Structures are given as C-alpha cells and as structure tokens.
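Coordinates in review
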Amino acid sequence: MTRPDLNLLVTLDVLLSEGSVARAARRLQISPSAMSRALARLREATGDPLLVRAGRGLVPTPRALELRGRVGPLVEAAEACLRPTESLNLQTLTRTFTFRNREGFVENFGPDLIARIGAEAPGVRLRFVQKPDRESSPLREGGVDLETGVVGDATGPELRVQALFHDRFVGVVRSGHPLANGEITPARYAGARHIHVSRRGNDMGPIDAALHALGLARDIATSVGSFSEALALARATDLIASVPERYTGTLRANLFTFPLPVTLPEITISLLWHPRLDADPAHRWLRGCVREVCGGTRLPS
C-alpha cells in the first residue's frame, strides 16, 4: 500500500481555511497552477471533490466540512513536534495581546488583569477591542488573541473554549426606585417599565418567555444594544435594566440590584482562542492569568 503524502495535510488545511485556490496559493507562496495540481491530488487521495464551483467562488463539500475540524489540529500537532521547546522568560517578554470582549469586561476585570500582567511581564501590553457580535473570524484570522463571551451558534467549531465563570441575570433600578422597597414579585416586576437589551434587535428574550409562562408580560419602554446603555438609562430614569450580575459589577455602582423573580438558566462566560495558539508558551501563560483573575482559581493550561 502506497503511503500518503503527509505534506498534503498542510495544503488541505490552508485550502479549507481559505476556500480559494488563489488565496491558498498566496498563503503558501506557491503558484495558483501548483495549488490547482495539489487540489487535484487531494481529490484523488480523498475520493471527494472537496471544493466545488458555486457561481464565481468555491464551496466546501460535506466531506470537506467534516475534514476542516480535524485537519487543523493534526497540522498544529505536527508543527509542535518539529518546533524547538521554548523557555518563557516573562521578565524579557515583549508582546501585545489583543482581547475582544463585550462592555463590562474591562471595567470589572481589566484593573486586576493589567496589574497581574504588569507584575509578571512588564513588557507585555494588552489591547482591548469591542465585541459587536459572536463572529469567529477575528480569532481565526489572527487579529484577536483571546475573546470572552457566551458560546453560541456563530462560534467557530474549531475554536478552543474554556469556562471562566457562571453568571445570572439580575434586575437593576436607580436608588430610591419604588421597587427598592418591599417584595419584588413577578407581577410587580412585570408591571414596571423595562429596558430590553438585544444586540440583534430582537423584541423579546428569555425573560419574556419566563414571564409568559406565568401569564405575565413586560412593559418594554425602550430597547438598546448593550448592558452599559441599559444601566445608564436605569440610572437616570424609573426604567428597569436586567443584566448579568458578575459581568456588570462595577457598572452597577450606586444602583439597587435585586434577584429576578423568575427562574432563568445561568449563563457561562467562556474564554475562546484559536487552536494555533494552544502550544504557544506566552499565550498559555496569559490564559492562566485570565482564568485566575476571572475565575479565582488556577486551572490547567
């Protein structure tokens, strides 16, 4: 039996990642004709066309989609075997890491994380950028090193994910609001006026579903796209904001916070990164710092 050419795994990984013969050729620094020949060899080896024409572009076959999640880790593991072991010197490490987070992360965890990083690796800089959606392309393309958030359908299946902490939604009103006194029943909560938070512009969410099960409905006065906007409005009006408790800790300063009178599932805030950074010593150290600052315990890298 003829042994397969394992070099084709690298070509396959790049082709499935780029979805284009021309872009894959540029990335591997070979000619488009050489990449086309490599694709022909891959088709012969796998017995599948892998990428097929759709209009002016190429789309992956079901077999290609199946392989996409398996080939990357194989290539990265092989590269790690051939890479010399590095000893990480934090005192001389000079590097900038980019974090992508929703509002609230920097306010709540940024000071402790910056202090921790500065004490251990003074040459390391952190760049925080906003996370307007759950699209995974910034991690996949290398523009972002780490991301925090709730894993959803838009999260790339190839990404590494580790839970940081669990959170729950709470109600928030201004100091002196009528709800700050007395028992907050589902009826009292639903009867007040609310701020609905949705980045996608949805009209309803899990809170509305929980109230509907009790025969109740919120009076939604306005909708916003972020928790910080909702809390700013709650601070200045009689409207109720319903936000994640731990993720918005400092944003809720001097506001009255109360448990929601309906049962909602906890949400899990996770740390996400691309598998190509799995074995990077500096990245592993950084992940450990984030886990300790956010979760309060040391977990294995």
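Residues numbered from 1 in each chain as written. Predicted model: local features only at pLDDT ≥ 70, side-chain atom pairs only at ≥ 80, totals over all residues. Heavy atoms only, no water.

1. A look at helix 9 (residues 227-236)
Buried residues of helix 9: Phe-227, Ala-230, Leu-231 and Ala-234, and no others. Viewed end-on, helix 9 has its buried residues packed into an arc of 95 degrees, placing them on one side of the element. (Buried < 20%, exposed > 50% of the residue type's maximum accessible area, 1.4 Å probe, protein only. Helix = DSSP H or I, 4+ residues; strand = E, 2+ residues; numbered from the N terminus. Arc of directions from axis to C-beta.)

2. A look at the sheet that holds strand 5 (residues 146-149)
If you walk across this open sheet you meet the five strands as 4-3-5-12-6, and the pairing is mixed. Edge positions in the sheet fall to strand 4 (124-130) and strand 6 (160-167), since each has one partner strand and no second. If you compare each strand with its neighbour and ignore which way they point, the axes differ by 20 degrees on average. With seven bridges connecting them, strand 6 and strand 12 (residues 267-273) associate as antiparallel partners. When the bridges of strand 12 are listed, Gln-162 appears paired with Leu-271. Most of the contacts of helix 5 (residues 105-120) go to strand 4, to which it runs at about 170 degrees, and overall it touches strand 3 (95-101), strand 4, strand 5 and strand 6. (Pairing = 2+ DSSP bridges. Axes fitted to C-alpha atoms, helices over the stretch in contact; angles between N-to-C directions. Contact = heavy atoms within 4.5 Å.)

3. Points about the packing of helix 2 (residues 21-28) against helix 3 (residues 32-46)
As a packed pair, helix 2 and helix 3 sit with axes 9 Å apart at the nearest point and diverge in direction by 110 degrees. Between helix 2 and helix 3, the crossing angle belongs to the class labelled roughly perpendicular. Contacts between helix 2 and helix 3 pair Val-21, Ala-24, Ala-25 and Leu-28 from the former with Pro-32, Met-35, Ser-36 and Leu-39 from the latter. Partitioning the contact of helix 2 with helix 3 into residue classes produces seven nonpolar, one polar and no charged. (Parallel < 35°, antiparallel > 145°, perpendicular 65-115°, else oblique. Nonpolar A, V, L, I, M, F, W, Y, C, P; charged D, E, K, R; others polar.)

4. A word on the pattern of salt bridges
The tally for this structure, following the rule as stated, stands at 16 salt bridges. One salt bridge in this structure joins Arg-116 and Glu-292, with 3.2 Å as the shortest N-O distance. Of this pair, Arg-116 sits in helix 5 while Glu-292 sits in helix 10 (residues 281-295), and the two are 176 residues apart along the sequence. A relative accessible area of 21% places Glu-292 in the partly exposed class. Note that Asp-238 and Arg-174 form a salt bridge whose closest N and O atoms lie 2.6 Å from each other. Linking Asp-238 in the loop between helix 9 and strand 10 (240-244) with Arg-174 in the loop between strand 7 (169-173) and helix 7 (186-191), this pair joins segments that are 64 residues apart in sequence. For Arg-174, a relative accessible area of 25% translates into the label partly exposed. Sharing partners across several salt bridges, the network here consists of Glu-18, Arg-23 and Arg-27. (Salt bridge = Lys/Arg side-chain N within 4 Å of Asp/Glu carboxyl O.)

5. Section: the pairing of strand 4
Where strand 3 meets strand 4, seven bridges bridge the pair, whose relative direction is parallel. Bridge assignment links Phe-99 to a residue of strand 4, and that residue is Phe-128. Regarding the hand of the β-α-β motif, the stretch spanning strand 3, helix 5 and strand 4 is right-handed. (Right-handed = clockwise from strand over helix to strand, strands pointing away.)

6. Digging into the confidence of the model for the protein
Predicted coordinates in regions of low pLDDT should not be interpreted in detail. This prediction gives the protein a mean pLDDT of 88; 95% of its residues lie at or above 70. Confidence drops under a pLDDT of 50 for residues 297-301, and excluding neighbours within four residues, the segment shows 10 contacts in the predicted structure. (pLDDT = per-residue confidence, 0-100.)

7. Section: the packing of aromatic side chains
A complete count under the given rule lists nine aromatic pairs for this structure. Taken together, the aromatic side chains of Phe-99, Phe-105, Phe-109, Phe-128, Phe-165 and Tyr-247 make up a single cluster linked through ring pairs. Here Arg-287 stacks its cationic end above the ring of Trp-273, 4.4 Å away from the centre of that ring. (Phe/Tyr/Trp six-rings, centres within 6.5 Å; stacked < 30°, edge-to-face > 60°. Lys NZ or Arg CZ within 6 Å of the ring centre and 35° of its normal.)

8. Here's the deal with the environment of Thr-237
Relative to the helices and strands, Thr-237 resides in the loop between helix 9 and strand 10. Residue Thr-237 is classed as partly exposed on the basis of its relative accessible area, which comes to 26%. Separated by 2.6 Å, the side chain of Thr-237 and the backbone oxygen of Leu-233 make a polar contact. Within polar-contact distance, the side chain of Thr-237 engages the backbone nitrogen of Leu-239 at 3.1 Å. (Polar contact = N/O pair within 3.5 Å; in protein donor to acceptor, adjacent residues only side chain to side chain.)

9. Concerning the environment of Gly-215
Relative to the helices and strands, Gly-215 is located in the loop between helix 8 (206-212) and strand 9 (219-224). Relative accessible area serves as the criterion here: at 65%, Gly-215 is assigned to the exposed category. In this structure, the C-alpha to C-alpha distance between Gly-215 and Gly-249, residues 34 residues apart in sequence, is 31 Å.

10. Observations concerning the sheet that holds strand 9
Within the open sheet, the five strands sit side by side as 9-8-10-7-11. Their pairing is mixed. Both outer strands of the open sheet, strand 9 and strand 11 (256-259), are each paired with one neighbouring strand and no more. For this sheet, the mean inter-axis angle between neighbouring strands, taken without regard to orientation, is 35 degrees. The pairing of strand 8 (residues 193-197) with strand 9 spans five bridges and is classified as parallel. Bridging across to strand 9, His-194 finds its partner in Ile-220. Sitting on the sheet, helix 9 is in contact with strand 7, strand 8, strand 9 and strand 10, with an inclination near 145 degrees to strand 10.

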